[in-house]
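Here's the letter readout for the chains.
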Amino acid sequence: MDKNLAFLGLGSMGDPMARRLIPAGYRLTVWNRTPKDFPAEVAASPADAVRNADVVITMLADPPAVREVVTGFAAALRPGTTVIDMSSIGPQAVREVRDLLPDGVTLIDAPVMGSIDRAAGGELSVLAGGDADEVMPILRVFGTVTRAGALGAGAALKIVLINAVISGVAVVAEAMALADAFGLPEDMVKRAMAASPLAGVAGRAFAQGVYFPVRLAAKDVGLATASADLPLSTVVQNLLDAAPSTEDLAAIVKYARG
């Protein structure tokens, strides 16, 4: 807790994650593309945010955003600084980010599984790739840490898991459309799903008070389909592309049912 931390990206996930670092006792500076009130020092630019940081955390929307922000602060990093990217960008983008950093700076990829409620409660699943030993106390502020392996392995595991979740929600959406065609009562079908092996993805498909926008789900599925031949995921991506981009992932259930 004697480290200076910079947290860049105060979106729907980044904001509650960064707030957990304050009661944990870290000295915190934050930056967000759209200025917002925050109970810590707010920097005017990415470079200003990281100038005195021992550890820099990025939580941004997609690979282009991460590359842009890292390019903006890389020259201001001090030797010995650790950069933790917690965005969902896939292993190829992690390697690209590593190449943007100066010598003497360590990169760790640590994307997370979980939504806003779990972020606020410190109950995320953190998937860490790279030499994360020195920053484990920081990562544990956010939740339970899984050591995935070398740099990029955390990012790869995140895409594997989130693609399965998103595809599972799409399957539940289609199952509900089929139940409608059979005239089955919605409540009965939901109860049956909750008592079946579908319980986890069905819970996400019908979740309330969470927010994972369709546009980010489509981005993650796109990272998956760009990495392997995934016919089912390609169909799911088409479904996501047709849904309103700002709605929560659960909205695809409604659109599949017509």
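These remarks concern the structure in this document. This structure is a prediction, so every number in the text was calculated from the model and none was measured.

1. A word on the pairing of strand E6 (residues 106–109)
For step 1, the next point in the chain: Where strand E5 (residues 82–85) meets E6, four bridges bridge the pair, whose relative direction is parallel. By the bridge assignment, Ile84 is partnered in E6 with Ile108.
For step 2, the next point in the chain: Viewed along the sheet, the connection from E5 through helix H4 (residues 90–100) into E6 turns out right-handed.

2. A look at the pairing of strand E8 (residues 124–129)
For step 1, the next point in the chain: Here E8 lies mainly inside the structure; five of its six residues are buried.
For step 2, the next point in the chain: Summarising the sheet, E8 and strand E9 (residues 143–149) pair through six bridges and their orientation is parallel. Bridge pairing in E9 places Ser125 opposite Thr144.
For step 3, the next point in the chain: Note that the unit made of E8, helix H6 (residues 136–142) and E9 has a crossover that is right-handed.

3. Some points on the nonpolar core
For step 1, the next point in the chain: Counting residues in hydrophobic clusters, the biggest one holds 32 residues, and the most contacted among them are Phe7, Leu21, Ile57, Met86, Leu139 and Phe142.
For step 2, the next point in the chain: Where this core is concerned, the elements lending two or more residues are strand E1 (4–8), helix H1 (14–21), strand E2 (27–31), strand E4 (55–58), E8 and H6.
For step 3, the next point in the chain: Looking at this core, the element that brings in the most residues is H6, giving five residues.
For step 4, the next point in the chain: Beyond its immediate chain neighbours, meaning those up to four positions away, Ile57 contacts Leu5, Ala6, Phe7, Leu8, Leu21, Ile84, Met86, Ile138 and Phe142.
For step 5, the next point in the chain: Membership of the second largest hydrophobic core comes to 29 residues, among which are Ala170, Ala205, Leu240 and Ile252.

Rules behind the numbers
Residues numbered from 1 in each chain as written. Predicted model: local features only at pLDDT ≥ 70, side-chain atom pairs only at ≥ 80, totals over all residues. Heavy atoms only, no water. Pairing = 2+ DSSP bridges. Helix = DSSP H or I, 4+ residues; strand = E, 2+ residues; numbered from the N terminus. Right-handed = clockwise from strand over helix to strand, strands pointing away. Buried < 20%, exposed > 50% of the residue type's maximum accessible area, 1.4 Å probe, protein only. Core = buried A, V, L, I, M, F, W, Y, C linked by side-chain atoms within 4.5 Å. Contact = heavy atoms within 4.5 Å.

Honestly, that's just the spatial picture; any functional story needs more than this.
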